[in-house]
Amino acid sequence: MRRLNPSISTSSLDLAIKISAWICISIPLLAMFSIIWEMISKGMGSFSVDFLLNAPERSGREGGIFPILISTLLVVALALVLVFPLALGCALFLSDSRDSTKIVRSLRHTVSVALDGLTAVPSIVFGIVGNAVFCRFFGFGYSILAGSVTLGFMIWPYMTRAFEETFRSVPKDIYLQSISLGFSSYTYFRKIIFVYCMPGIVLGVVLALSRALAETSALLFTSGYSERMPESLLDSGRVLSIHILDLAMNVTGGDQNAYASGLALVVLILAINGVFSATFALFRKSLN
Amino acid sequence: MVFKAYTLASGLFAIVAIAIILCLLSVDSFKVLSSVPPGAFVAGIWNPSSGEYNLLPMVVGGLAACSGSLLLVTPISLLSALALHFLFPRWLAVVIRKIFEIMSGIPSVIFGLWGLGFLVPEINRMAPPGASLMAAALVLSLMVLPSTILLTAQAINDVPKEQMVASESLGMSLFNRIRVVLLPFTWTRIGSILCLQFARTLGETMAVVMVAGNIPAFPTSVFDPIRTLTGHIALEMPYAEGLHRSSLMLSGLMLCLPSLVLFYLARRYLARVRLI
């Protein structure tokens, strides 16, 4: 049992804690408003429908971001499509506890550690490894394909963990009943998990999607810089976040369009999150 | 049977993927390790065209920025989580949580852009050049603060209710409740959260490249420009070949290993938390 120290005047200490807590929580909130304000005040000037639908001119100082939006969507969509079956299989392997021989259990543990390892690898390292493997070894060059495969590997652990969590949320009695009915692993997946965990699966995909949209450094050396409209998956295509980086760092006089592109990226991510959480709330309501 | 093989294969693929990453980094960095004496990585200057590969300034710069941000993040996130739990009315806490959730989804390049357009000029007025260790640490802190606060608040929320109620009914002050009940229950969780966030700042590239100044030299004050290992790779990779490229792969390996160790320790010895 710890002794309380009566010599400290606790009421003034409490006040100090309260005041510093108020100050501390206001710091990130103020920064948040400052960031949003900065995007809006500096980017709104050139943000319009034309900006979204035109090609960039003079390396992005003028014109819009249409080809960049298209490349972004291609890279992200392809990454999601490629990684979805892998994440699904991996999550099923990690959460299916009916097969619990010693070997399988230790294997499951190893896979779990490996997934944590993939989460720990910094995204710039994914970038250089992706460059070495896909751009050079497989000969894709700087291309949308190389970028999306690299990005897919980066978002894989996040998607898998999200799936695993929903798969584990299936009630124990449903699971036991399925075993007593003699369901095979596949039937259990098809008839129980696929139905019961559908909202969780969608949520996992959205989580991975917003992570993929935010990614810059893994794509820097894989999907490349070209700001033209990509003509095939083996063409280089510049994604939105790299466009922002390039305009802000390397193009003098590109500031305003950098902020406008930043605004577009933030709005895109917020819109995706907003739409899905709204649909989710509706879904929950209709379920009850 | 086919289905089982599919799930097993995709599970095993995780092991293969991490093995490929580590092997490739090791093999590629072996070239520079075998042709340059080990002392050259910690002495002299960085000038790959004349065969000088001193990586120490980048390591020190990166560690300084990340430790600086950890120093800022630890008290701020703890106190903010306390504010969310004890001080605010329920509706306000819900609103602020929502704001932090949104904020933790904002891409790091946006934080970098804000740092470049707002923070760096402000610091420049105090002490030129502005792009500095200070700016890097501040941007990194703001980037990880929202998710750290949310996770810490969750950890505080998971303290058994009876203990909190009992301590309150004993008439203990807020300070003593935090000291005697809250911290003993939560410090392992909070430790692992901070561990993971430190690893995250260590691996962050874009936000840092945009505000740190990127000069490969030791910083002598917080207003000096620095270059981190991540920024180093991002800046030099486009034109690197041969030994230069191999030295960048070595930097990648040097980034990977500590963050792998941090993640493993956080998961193995401290509590399991999910990084948002």
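Residues numbered from 1 in each chain as written. Chains lettered and ligands numbered in written order. Predicted model: local features only at pLDDT ≥ 70, side-chain atom pairs only at ≥ 80, totals over all residues. Heavy atoms only, no water.

Q: I'd like a rundown of the overall build of chain A, residues and numbers included.
A: In terms of helices and strands, chain A carries 11 helices and 2 strands. Helices and strands appear in chain A in the N-to-C order α-α-β-β-α-α-α-α-α-α-α-α-α. Counting only C-alpha atoms, chain A reaches 70 × 65 × 40 Å along its principal axes. Counting only residues that meet the buried cut, chain A has 52% of its 288 residues in that class. Pairs at least 24 apart in sequence give 73% of the contacts found in chain A among residues at least 6 apart. Of note, chain A has its 21 positive side-chain charges centred 13 Å away from the centre of its 17 negative side-chain charges. (Helix = DSSP H or I, 4+ residues; strand = E, 2+ residues; numbered from the N terminus. Buried < 20%, exposed > 50% of the residue type's maximum accessible area, 1.4 Å probe, protein only. Contact = heavy atoms within 4.5 Å. Lys, Arg positive; Asp, Glu negative; His and termini not counted. Charge placed at Lys NZ, Arg CZ, Asp CG, Glu CD.)

Q: Before we move on, could you go through the environment of Gly117(B) and cite the residues and values that matter?
A: Mapped onto the secondary structure, Gly117(B) falls in helix 4 (residues 108–126). When the C-alpha atoms of Gly117(B) and Val181(B) are compared, they prove to be 44 Å apart, with 64 residues separating the residues in sequence. Apart from the residues lying within four places of it in its own chain, the contact partners of Gly117(B) are Glu38(A), Lys42(A) and Tyr259(A).

Q: Help me get a handle on the packing of aromatic side chains, residues and values and all.
A: Describing an aromatic ring pair means giving the distance of the ring centres and the angle of the ring planes. For the coordinates displayed, the defined rule picks out 18 aromatic pairs over all chains. Geometrically, the ring pair formed by Phe137(A) and Phe138(A) is edge-to-face, given 5.4 Å between the ring centres and 70° between the ring planes. An aromatic cluster of three or more residues is present, and its members are Phe134(A), Phe137(A), Phe138(A), Phe140(A), Phe153(A), Trp156(A) and Phe13(B). Just above the ring of Phe93(A) sits the side chain of Arg108(A); from NZ or CZ to the centre is 5.8 Å. Positioned above the aromatic ring of Tyr158(A) is the side chain of Arg211(A), whose terminal nitrogen or guanidinium carbon lies 4.0 Å from the ring centre. (Phe/Tyr/Trp six-rings, centres within 6.5 Å; stacked < 30°, edge-to-face > 60°. Lys NZ or Arg CZ within 6 Å of the ring centre and 35° of its normal.)

Q: How would you sum up the packing of helix 3 (residues 90–103) of chain B against helix 5 (residues 133–157) of chain B? Please name residues and give values.
A: All names here are of chain B. One can describe the packing of helix 3 onto helix 5 by two numbers: an axis separation of 9 Å at closest approach and a directional angle of 135°. Comparing their axes, helix 5 and helix 3 come out oblique. Like other packed secondary-structure pairs, helix 3 and helix 5 cross with a definite hand, here left-handed. Side by side, helix 3 and helix 5 meet where Arg97, Phe100, Glu101 and Met103 of the first sit next to Leu142, Pro146, Ile149, Leu150 and Ala153 of the second. (Axes fitted to C-alpha atoms, helices over the stretch in contact; angles between N-to-C directions. Parallel < 35°, antiparallel > 145°, perpendicular 65-115°, else oblique. Left-handed = near helix turned anticlockwise from the far one by under 90°.)

Q: Before we move on, could you go through empty space enclosed by the protein and cite the residues and values that matter?
A: Throughout the structure, instances matching the rule amount to 2 cavities of 30 Å³ or more. Lining the largest cavity are Ile17(A), Lys18(A), Ala21(A), Leu82(B), Ala83(B), Phe86(B), Leu87(B), Leu174(B) and Ile178(B). Sorting the residues of the lining of the largest cavity by element identifies helix 1 (10–43) of chain A together with helix 2 (56–87) and helix 7 (174–203) of chain B as the ones contributing at least two each. Per element, the largest residue contribution to the lining of the largest cavity is 4 residues, and it comes from helix 2 of chain B. In this structure, the second largest cavity spans a volume of roughly 30 Å³. As for the second largest cavity, its lining consists of Cys66(B), Ser69(B), Leu70(B), Val73(B), Val144(B), Gln197(B), Phe198(B) and Thr201(B). (1 Å grid on protein atoms, 1.4 Å probe; cavity = no way out; pocket = protein on both sides within 12 Å on 5 of 7 lines; lining within 4 Å. Points joined across faces, edges and corners; volume = space filled by probe spheres on them.)

Q: Which residues make up the nonpolar core, and what are the values?
A: Within the largest apolar cluster, 172 residues are counted, with the highest numbers of intra-cluster contacts made by Val125(A), Trp156(A), Phe167(A), Leu25(B) and Ile110(B). By residue number, the principal contributor to this core is helix 3 (residues 66–95) of chain A, which donates 14 residues. Setting aside anything within four residues of it in sequence, one finds Val125(A) in contact with Ile21(B), Leu25(B), Gly252(B), Leu255(B) and Cys256(B). (Core = buried A, V, L, I, M, F, W, Y, C linked by side-chain atoms within 4.5 Å.)

Q: I'd like a description of unusual backbone geometry, backed by residues and values.
A: The phi angle at Asn214(B) is positive, at roughly 60°, despite the residue not being glycine. Within the element layout of this structure, Asn214(B) appears in the loop between helix 8 (206–211) and helix 9 (229–236).

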